[in-house]
Every structure is written in C-alpha cells, then in structure tokens.
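Here is how the chains run, residue by residue.
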Amino acid sequence: PTLLLLYRRPPNDTSPAKLPAPIARAEVSSSARESQTGSSGSRGQVQKDFRSNVMRLSGWKDYLTGADLQQNPGEGGLSGEACHIIPVKSEVAGLDTKEKKWELLEKLGQPPNLDIPANGIPLLPDYHHWFDRFELSVSPDNCYKICVWNGIPNTATNVTALRDKVAALNNNSSIAARQLLKWHHEVCADKHNEADTGKAKKKKKK
C-alpha cells in the first residue's frame, strides 16, 4: 500500500521546503511489532479493534456458513467472534515466541502484525473453539472446502455438518488471507498425521 506523508511548515519558516526523511522499512516493521506489545489494557483495545475490523470487512457474516452475525447486543443475528488464524497465545508448530510468528507472517507475504484483518476469520463460537484447536480448517487448495478432523466428537453435529462444504466467504480477500488459511490447514494435517502414526506404532507393538 502507498504511504502518504503530510508535512506542515511552521508559520514563520521561509527556508526552502524540505521533505522529511523517508521511513525505513525496518522502522515500519518495528512500529507494527511494538503495537502488539504492551500492557494488558492496550492489548484489550487492540483485540477490540481487530474484531471490529474483521467483522466489518466480512459484512458481519460467519466465514464458513455465511450466517448473519450480530453487530450490537439486542440486534438480529448470531453472536460471532474474530479468530486469529496464526494464534496470538498458543504455541504451535514451533511458534513459541511472538518474534517467530512475526517472521512467519512476513514469510507468507503479510506485515509482522498478528492483528491485521488478513490474519482474522469471523466465526460462530463453536467453530472458533475447534479452529483454535486445529481440529477445523479450510483448504484453499481444494476449492476452500471445510475439513472436520478426527478430534471433533460426532456429538458436535453443528460442526461435523460442515464437513466437505465450501466456505461461504471464500471470495472475500480482505480477511482470512489464502496463504494463512493454507498454513493453518497444513498444521492441522501434520497434527493428525502424527497422531495416526502414533496409533499405528502402538498397534504394531501389541
């Protein structure tokens, strides 16, 4: 995106106009990273802004089903949540520090900020629960089909009913960036491949 710098000269300044020095990319990255650190109070505001941006850009709809989400308490629609694709808190796939998560974002073509809309996906609470646990994913390479993994019990019929359906908001490029969804799906696959391998080894020992 283009960065527009506005420079206002002091009233009595008659010297030739000079543009401010350009901001180095490293400084921009540092600023983006610093916005994610700080007190719990500032983190709360960042989370609030993240949710607002993700919901607004989704048109207040659930990413998987297209169901209308509630904008304000008492209004129509279902309660929805903004989920981070690359998680803020949990440690997964060797991402045990924020710095490693920022590096992954840059590797996947995004700025080093976990709270950008591209790292967000609006979900109903039940879907959010399983998405965070890498038991529910979307496969961009397979027409954005929804994958329900083995860790989700059959009793969770509202979730298992999504199996092999196409995510409703797959054409919205303002949220849930393709490369980030692909990363999340691959982590899910690796998690369950490892689990299946472990089960197979136990059977052989018996």
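Just so it is clear, the model here is predicted, and its values are computed rather than measured.

### Some points on the pairing of strand E3 (residues 136–139)
Part 1 of the reasoning: Residue alternation in E3 divides its side chains into two sets, Leu136 and Val138 and Ser137 and Ser139, and both sets are buried.
Part 2 of the reasoning: Pairing analysis gives four bridges linking E3 to strand E4 (residues 145–148), with the strands arranged antiparallel. Of the residues in E4, the one forming a bridge with Ser139 is Lys145.

### Describing the environment of Cys143
Part 1 of the reasoning: Counting through the fold element by element, Cys143 comes out in the loop between E3 and E4.
Part 2 of the reasoning: On the accessibility criterion, Cys143 (56% relative accessible area) is exposed.
Part 3 of the reasoning: A sequence separation of 21 residues divides Cys143 from Asp164, and the C-alpha atoms of the two residues are 9.9 Å apart.

### Let's talk about unusual backbone geometry
Part 1 of the reasoning: Even without glycine at this site, Cys143 takes up a positive phi of about 60°.
Part 2 of the reasoning: In the Ramachandran plot, Tyr144 falls in the positive-phi region, its phi being about 60° despite a non-glycine side chain.
Part 3 of the reasoning: Its place among the elements puts Tyr144 in the loop between E3 and E4.

### Structural notes on the nonpolar core
Part 1 of the reasoning: Core analysis: the biggest nonpolar cluster contains 49 residues, and Tyr63, Leu64, Ile86, Ile121, Leu136, Leu181 and Trp183 have the highest contact counts within it.
Part 2 of the reasoning: Those elements giving two or more residues to this core turn out to be helix H2 (40–57), strand E1 (81–84), helix H3 (98–107), strand E2 (120–123), helix H4 (125–132), E3, E4 and helix H6 (178–205).
Part 3 of the reasoning: Setting aside its immediate chain neighbours within four residues, Leu64 contacts Leu123, Tyr127, Leu136, Val138, Ile146, Leu162, Val166, Ala167 and Ala168.

### Re the side chain of His184
Part 1 of the reasoning: By secondary structure assignment, the location of His184 is in helix H6.
Part 2 of the reasoning: Take His184: its relative accessible area is 1%, and that puts it in the buried class.
Part 3 of the reasoning: Separated by 3.0 Å, the side chain of His184 and the backbone oxygen of Phe131 make a polar contact.
Part 4 of the reasoning: In this view, His184 contacts Ile85, Phe131, Phe134, Leu136 and Ser137; residues no more than four positions away in its chain are not counted.

Definitions and limits used
Residues numbered from 1 in each chain as written. Predicted model: local features only at pLDDT ≥ 70, side-chain atom pairs only at ≥ 80, totals over all residues. Heavy atoms only, no water. Buried < 20%, exposed > 50% of the residue type's maximum accessible area, 1.4 Å probe, protein only. Helix = DSSP H or I, 4+ residues; strand = E, 2+ residues; numbered from the N terminus. Pairing = 2+ DSSP bridges. Core = buried A, V, L, I, M, F, W, Y, C linked by side-chain atoms within 4.5 Å. Contact = heavy atoms within 4.5 Å. Polar contact = N/O pair within 3.5 Å; in protein donor to acceptor, adjacent residues only side chain to side chain.

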